[in-house]
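Take a look at the letters that make up each chain.
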Amino acid sequence: HFVNNFFHIQHPTRGKVKFEPFAYQVRLLHSYHDYRFNINMMPRQSGKTTCAAGYLLWYAMFHPDQTVLVAAHKYTGAQEIMQRIRYGYELCDDYIRAGVVSYNKGSIEFENGSRIIASATSPSAIRGGSFNYILLDEFAFIPDNIAEDFYSSVYPTIASGSTTKLVIISTPNGLNLYYKIWTEATENRSDFKYVDVHWSDVPGRDEQWRDQQIKNTSEEQFRKEHECEFIGSTNTLINANK
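These figures come from a predicted structure and were not determined experimentally. (Residues numbered from 1 in each chain as written. Predicted model: local features only at pLDDT ≥ 70, side-chain atom pairs only at ≥ 80, totals over all residues. Heavy atoms only, no water.)

Engineer: Account for the pattern of salt bridges, with residues named and values stated.
Structural biologist: Note that side chains of opposite charge can pair when their charged atoms are close. The tally for this structure, following the rule as stated, stands at six salt bridges. A salt bridge links R84 to E80, with the nearest nitrogen and oxygen atoms 2.9 Å apart. Here R84 pairs with E80, and both are found in helix α4 (residues 75-90), just four residues apart, close to one helical turn. For E80, a relative accessible area of 35% corresponds to the partly exposed category. The closest approach of N and O atoms between D94 and R97, which form a salt bridge, is 2.4 Å. Residue classification places D94 among the exposed positions, given a relative accessible area of 62%. For R97, a relative accessible area of 26% translates into the label partly exposed. (Salt bridge = Lys/Arg side-chain N within 4 Å of Asp/Glu carboxyl O. Helix = DSSP H or I, 4+ residues; strand = E, 2+ residues; numbered from the N terminus. Buried < 20%, exposed > 50% of the residue type's maximum accessible area, 1.4 Å probe, protein only.)

Engineer: How would you sum up the side chain of Q66? Please name residues and give values.
Structural biologist: Residue placement: Q66 occurs in the loop between α3 (48-62) and β4 (67-72). In this structure Q66 touches Y59, G113, S114, R115 and N132, once residues within four positions along its chain are discounted. (Contact = heavy atoms within 4.5 Å.)

Engineer: Describe the side chain of T183, listing the residues and the values that go with them.
Structural biologist: Here T183 lies in helix α7 (residues 177-186). Relative accessible area serves as the criterion here: at 16%, T183 is assigned to the buried category. Among the polar contacts listed, one links the side chain of T183 to the backbone oxygen of Y179, at a separation of 2.7 Å. (Polar contact = N/O pair within 3.5 Å; in protein donor to acceptor, adjacent residues only side chain to side chain.)

Engineer: Kindly report on unusual backbone geometry, identifying the contributing residues and their values.
Structural biologist: Located in the positive-phi region is E138, a residue other than glycine, with phi close to 50°. Mapped onto the fold, E138 is located in the loop between β8 (133-137) and α6 (144-159). Take E138: its relative accessible area is 13%, and that puts it in the buried class. Here N188, not a glycine, exhibits a phi torsion of approximately 60°, which is positive. Relative to the helices and strands, N188 is located in the loop between α7 and β10 (193-196).

Engineer: Please provide a residue-by-residue account of the nonpolar core, values included.
Structural biologist: Core analysis: the biggest nonpolar cluster contains 43 residues, and L57, I85 and F110 have the highest contact counts within it. The leading source of residues in this core is α3, at nine residues. In this structure L57 touches F2, F7, I85, G88, Y89, C92, F110 and I116, once residues within four positions along its chain are discounted. Of all hydrophobic cores here, the second largest spans 25 residues; its members include M41, I134, F150 and Y178. (Core = buried A, V, L, I, M, F, W, Y, C linked by side-chain atoms within 4.5 Å.)

Engineer: Describe the packing of helix α2 (residues 23-34) against α3, listing the residues and the values that go with them.
Structural biologist: Closest axis-to-axis distance for the α2/α3 pair is 10 Å, and the angle between their directions is 40°. When the interaxial angle is binned, α2 and α3 end up oblique. The crossing of α2 and α3 is right-handed. Residues Q25, L28, L29, Y32 and H33 of α2 touch α3, and the partners they reach there are C51, A52, Y55 and W58. (Axes fitted to C-alpha atoms, helices over the stretch in contact; angles between N-to-C directions. Parallel < 35°, antiparallel > 145°, perpendicular 65-115°, else oblique. Left-handed = near helix turned anticlockwise from the far one by under 90°.)

Dropping the structure here:
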């Protein structure tokens, strides 16, 4: 109800519009709300960041005394999500918008005691912190050594509570920690709820669109970024397709 009626986004061609989630984005929103542990595998430019921004804004404004951490493989990525949260907040109707006591590029603190913080994925950024909701964006692109240490730092903060939540969102990038968590979720060997989205689920993407993407990039890149395949070693003497 909130994202349909009060959350605005910047559309690349139409400018300021109210967010109208597609069917797969509605599934994501319900998954974020109903499950403590979420892992999503989504193609590039499918609105995963926008969907998460809308949910986190609602969560912080309507749940007092909560701390939300938005982390990405680069700090600029976390700031991009914060920018979407701020944009949605500023365009909320006055009667629905919560007051703020601190408001900047890296964090927002609401008068209900809740706050949203942006951070890069480094172990030092989270150790000693207490968080109620953690979003890890493009987790598969964090270097392996940093990802292991960061996840080891994140998990205890989630496991210490009974209602704390963790959301991992990414496009695949080889066989790494993200691949391990995803595989365990799909094989029902963990508590993670998995949601995967195919490129054809995005309205306007058909076989003609697919052929154009492959023509402008490569089939391997399309398989990785849109088919969401876990491609291992790509620089092999014989092409992986062969």
